[in-house]
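Residues per chain are reported as follows:
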Amino acid sequence: MIDQSVAFARASAGNAFVFTKAGLTTGAGAEAGAIPEHFRLRDEATRRRDPRTFCIFAEATEASGEHGRVYEPRFSSASIDEMDDAYDLRFRYFVDRDELVDRLIDFVESYVIPLSR
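If you're wondering where the values come from, they're calculated on a predicted model, not measured in any experiment. (Residues numbered from 1 in each chain as written. Predicted model: local features only at pLDDT ≥ 70, side-chain atom pairs only at ≥ 80, totals over all residues. Heavy atoms only, no water.)

1. Quick look at helix α2 (residues 28-38)
Given 3.6 residues to a turn, an α-helix orients residues that are three or four positions apart in the same direction.
Right, so step 1: With respect to burial, α2 is a largely interior element, eight of its 11 residues being buried.
Right, so step 2: For α2, the complete set of buried residues consists of A28, G29, A32, G33, A34, I35, P36 and H38.
Right, so step 3: Taken from the residues just after α2, R40 is the one with a positive phi, measuring 55°. (Buried < 20%, exposed > 50% of the residue type's maximum accessible area, 1.4 Å probe, protein only. Helix = DSSP H or I, 4+ residues; strand = E, 2+ residues; numbered from the N terminus.)

This is the structure in structure tokens:
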């Protein structure tokens, strides 16, 4: 499975990792981590791709905080949570399908398309 995921990532201009509580399995973190490792995202000097062309989308619940909207992740995974620090990957949260679609479109239009030209 990991080889297949890396092959799909290589063929793509950008990569979105979408995690939901229902879809999180033990191997998901290892499989997701293999992709940034393949692109050498830990080392700025030898990176094969701009880390902004990768994004983690995580299902969350929404709450109101003193600064507006606050997202609380619906799952916890140490290996996935580490991906922002280890590989400079951004997290985006969503509460429903419509918000996920909007955030995916924004990611592609803001980063993937401009950086892949």
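2. Details of unusual backbone geometry
Right, so step 1: One non-glycine residue, R40, lies in positive phi territory at about 55°.
Right, so step 2: When you line up the elements, R40 lands in the loop between α2 and β2 (54-65).
Right, so step 3: With a phi angle near 60°, D88 is a residue other than glycine that sits in the positive phi range.
Right, so step 4: Along the chain, D88 falls in the loop between α4 (83-87) and β4 (90-94).

3. Details of the packing of aromatic side chains
Right, so step 1: Summed over the entire model, instances satisfying the criterion amount to three aromatic pairs.
Right, so step 2: Judged by centre distance (5.8 Å) and plane angle (70°), the rings of F57 and F107 are edge-to-face. Taken as a pair, F57 in strand β2 and F107 in helix α5 (residues 97-115) lie far apart in primary sequence, 50 residues in all. F107 carries the same exposure label as F57, and that label is buried.
Right, so step 3: One residue, R90, lies across the ring of Y111, its end atom 4.1 Å from the ring centre. (Phe/Tyr/Trp six-rings, centres within 6.5 Å; stacked < 30°, edge-to-face > 60°. Lys NZ or Arg CZ within 6 Å of the ring centre and 35° of its normal.)

4. A closer look at the nonpolar core
Right, so step 1: Membership of the largest hydrophobic core comes to 19 residues, with the highest contact counts inside it found for F17, F19, I35, F54, I56, M83 and L89.
Right, so step 2: Broken down by secondary-structure element, the contributors of at least two residues to this core are α1 (2-10), β1 (15-19), α2, β2 and α4.
Right, so step 3: Examining the composition of this core, we find that four residues originate from one element, α2, more than from any other.
Right, so step 4: If we skip the residues at most four places from it in the chain, F17 touches A32, I35, P36, F54, C55, I56, F57, M83 and L89.
Right, so step 5: F57, F94, F107 and V112 belong to the second largest nonpolar core, which has six residues in total. (Core = buried A, V, L, I, M, F, W, Y, C linked by side-chain atoms within 4.5 Å. Contact = heavy atoms within 4.5 Å.)

5. Concerning the pattern of salt bridges
Right, so step 1: With the rule as written, the count across this model stands at six salt bridges.
Right, so step 2: Note that R42 is salt-bridged to E37, the shortest N-O span being 2.6 Å.
Right, so step 3: A salt bridge links D50 to R52, with the shortest nitrogen-to-oxygen separation between them at 2.7 Å.
Right, so step 4: Taken together, the shared-partner salt bridges in this structure form one network comprising E37, R42 and E82. (Salt bridge = Lys/Arg side-chain N within 4 Å of Asp/Glu carboxyl O.)

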